[in-house]
Amino acid sequence: MKIAVLALQGAFAEHEAMLRRLGVETFLVRKSDHWLQHKDALVIPGGESTAQMKLLRELHLESAIRDDILQGLPVFGTCAGLILLSQSHLATMDIEVCRNAYGRQLGSFHAVHHVEGIGLDIPMTFIRAPYISRVFGKARAMASLDGRIVAARQGNQLVTAFHPELTDDLRLHEFFLQMVGRTVGDTYLS
């Protein structure tokens with residue numbers, strides 16, 4: 001299994017480290033020719049969604065990434081990655097988001113909560129995080145915190161408003177790898 005990690009800005013190194021802890025081969029995507037490598041999945045990290053989207057356009061990666069996701073490439077988006085997959089950006093997931101919903105950097109916090117299909121006591125680190133204001137179509141909420149949706153899934157797409165890569169808990173990444181494994185065995189091959 002080989003997973004691409006979008007490395008334009010944000011917490012890409014932390015995702016790469018988590019995946020390597022799980023024995024997964026990764027490579028960083030920093031320009032359009034990197035995207036041409038074989039990949040079984042993609043991780044879009046947290047960071048600044050506006051900067052990431054601008055760079056995706058400038059580097060001519062926006063259409064290629066969007067097309068591959070729509071063709072079934074599994075993707076895990078955290079924080080800014082969630083925003084990029086929403087209807088207001090790449091529009092691959094049936095979700096609408098509220099950006100910077102948890103305030104400024106000083107308003108960042110940590111919680112522990114249940115995520116459907118993954119388990120109890122999942123550590124959640126929120127840093128100027130968004131939340132999902134609405135799921136529709138094929139998207140399904142997986143976790144809510146204080147009435148706000150903070151994790152969702154749609155087919156081969158998984159998103160969290162929080163940063164699992166900033167904890168020692170591997171369960172969300174393991175769950176994603178299970179999604180990828182099913183897909184690689186079934187439908188998507190790049």
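This is a predicted model, so every value here is computed, not measured.

Peer 1: Go over the overall build of the protein, please, and point to the residues and values.
Peer 2: Tallying secondary structure elements over the protein gives five helices and eleven strands in all. Relative to the compact-globule value of 16 Å for 190 residues, the protein shows a C-alpha radius of gyration of 15 Å, a close match. For the protein, the spread of C-alpha atoms along the three principal axes comes to 40 × 30 × 30 Å. Burial status across the protein gives 53% buried among its 190 residues. Contacts in the protein between residues at least 24 apart in sequence constitute 66% of all its contacts with a sequence separation of at least 6. For the protein, the accessible surface area stands at approximately 8300 Å², while carbon and sulfur atoms represent 49% of it.

Peer 1: If you had to explain the side chain of Gln157 to someone new, which residues and values would you point to?
Peer 2: With respect to the helices and strands, Gln157 occurs in strand β11 (residues 157–160). When its relative accessible area of 6% is taken as the criterion, Gln157 is described as buried. Polar side-chain contacts of Gln157 include one of 2.6 Å to the side chain of Thr92. If sequence neighbours within four positions are ignored, Gln157 has contacts with Ile69, Val75, Leu85, Thr92, Met93, Ala152 and Met179.

Peer 1: For the packing of aromatic side chains, give the residues involved together with the corresponding values.
Peer 2: Under the counting rule described, the total for this entry stands at three aromatic pairs. What links up through ring pairs into an aromatic cluster is the set Phe109, Phe126 and Phe162. The ring of Trp35 is capped by Lys39, whose NZ or CZ atom sits 4.4 Å from the centre of that ring.

Peer 1: Could you give an account of the nonpolar core, naming the residues involved and the relevant values?
Peer 2: Judged by nonpolar contacts, the single largest core of 60 residues is most densely connected at Leu42, Ile65, Phe126 and Phe176. Sort the elements by how many residues they give to this core and helix α5 (residues 171–186) lands first, with six residues. If sequence neighbours within four positions are ignored, Leu42 has contacts with Ile3, Ala4, Leu6, Trp35, Ile65, Ile69, Leu73, Pro74, Val75, Phe76 and Phe176.

Peer 1: Would you mind going over the environment of Val29 in detail, with residue names and values included?
Peer 2: Relative to the helices and strands, Val29 resides in strand β2 (residues 25–29). Sequence-wise, Val29 and Val43 are 14 residues apart; in three dimensions their C-alpha atoms are separated by 9.9 Å. What Val29 contacts, discounting residues up to four positions off in sequence, is Ala4, Val5, Leu6, Ala7, Leu8, His34, Trp35 and Leu61.

The rules we used
Residues numbered from 1 in each chain as written. Predicted model: local features only at pLDDT ≥ 70, side-chain atom pairs only at ≥ 80, totals over all residues. Heavy atoms only, no water. Helix = DSSP H or I, 4+ residues; strand = E, 2+ residues; numbered from the N terminus. Rg over C-alpha atoms; globule rule 2.2 N^0.38 Å. Buried < 20%, exposed > 50% of the residue type's maximum accessible area, 1.4 Å probe, protein only. Contact = heavy atoms within 4.5 Å. Areas by Shrake-Rupley, 256 points an atom, 1.4 Å probe, with all protein chains shown as cover. Polar contact = N/O pair within 3.5 Å; in protein donor to acceptor, adjacent residues only side chain to side chain. Phe/Tyr/Trp six-rings, centres within 6.5 Å; stacked < 30°, edge-to-face > 60°. Lys NZ or Arg CZ within 6 Å of the ring centre and 35° of its normal. Core = buried A, V, L, I, M, F, W, Y, C linked by side-chain atoms within 4.5 Å.

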